[in-house]
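Each chain is listed here by its residues.
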Amino acid sequence: TLILEDNKIKGTIPHEYGDIPLLEHLLLGNNILNGTIPTSLVNIQSLLTLELHSNVLTGTIPPEFGNFANLRVLYLYNNKLTGTIPQALYYLKTLEDLYFQKKTKP
């Protein structure tokens, strides 16, 4: 488990996180992370929880996220993501909790 929520961390999500093979929970919400979501995260086949909410992430949700074998929780709300939800996410058999939210302008 890697919990780095609520730490005002700036910068991009390191691609190297995808090299942590036994990681089950990656919690990076409520920071100031920017850039795109690294596709290397799908290399973590043991990942159960991925929380990237409440950052300033841009780009699209990687279609490779449909390759997660064990993912149960995916939180991507309160970012600046664009595009559509990849169809492959709808077929993840282990996914129990999925939360997207479009940011609206005031």
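Here's a quick rundown of the structure. Nothing here was measured: the structure is a model prediction, and the numbers come from that model.

## Side note on the sheet that holds strand β5 (residues 49-51)
Sheet architecture is open: 5 strands sit in the order β1-β3-β5-β7-β9, paired in parallel fashion. Of all strands in the sheet, those bounded by a partner on one side alone are β1 (2-3) and β9 (97-99). For strand β3 (residues 25-27) and β5, the ladder comprises 3 bridges, and the chain directions are parallel. Looking at β5, one finds that His25 is bridged to Thr49.

## Focus: the packing of aromatic side chains
Under the criterion given, the structure shown has 4 aromatic pairs. Look at Tyr75 and Tyr99: their rings are 6.2 Å apart centre to centre, the planes differ by 85°, and that puts the pair in the edge-to-face class. Within this pair, whereas Tyr75 is found in strand β7 (residues 73-75), its partner Tyr99 is found in strand β9, the two being separated by 24 residues in sequence. Judged by its relative accessible area of 35%, Tyr99 is partly exposed. By way of ring pairs, the aromatic residues Tyr75, Tyr77 and Tyr99 are connected into one cluster.

## With respect to the environment of Lys8
Looking at the secondary structure, you find Lys8 in the loop between β1 and β2 (10-11). In this structure Lys8 touches Asn30, Asn31 and Ile32, once residues within four positions along its chain are discounted.

## Re the sheet that holds β2
Pairing within the open sheet is parallel, and its 4 strands lie in the order β2-β4-β6-β8. Of all strands in the sheet, those with a lone pairing partner are β2 and β8 (80-81), marking the two edges. Bridge count for β2 against strand β4 (residues 32-35) is 2 bridges, and the pairing is parallel. Bridge pairing in β4 places Lys10 opposite Ile32.

Cut-off values and rules
Residues numbered from 1 in each chain as written. Predicted model: local features only at pLDDT ≥ 70, side-chain atom pairs only at ≥ 80, totals over all residues. Heavy atoms only, no water. Pairing = 2+ DSSP bridges. Helix = DSSP H or I, 4+ residues; strand = E, 2+ residues; numbered from the N terminus. Phe/Tyr/Trp six-rings, centres within 6.5 Å; stacked < 30°, edge-to-face > 60°. Buried < 20%, exposed > 50% of the residue type's maximum accessible area, 1.4 Å probe, protein only. Contact = heavy atoms within 4.5 Å.

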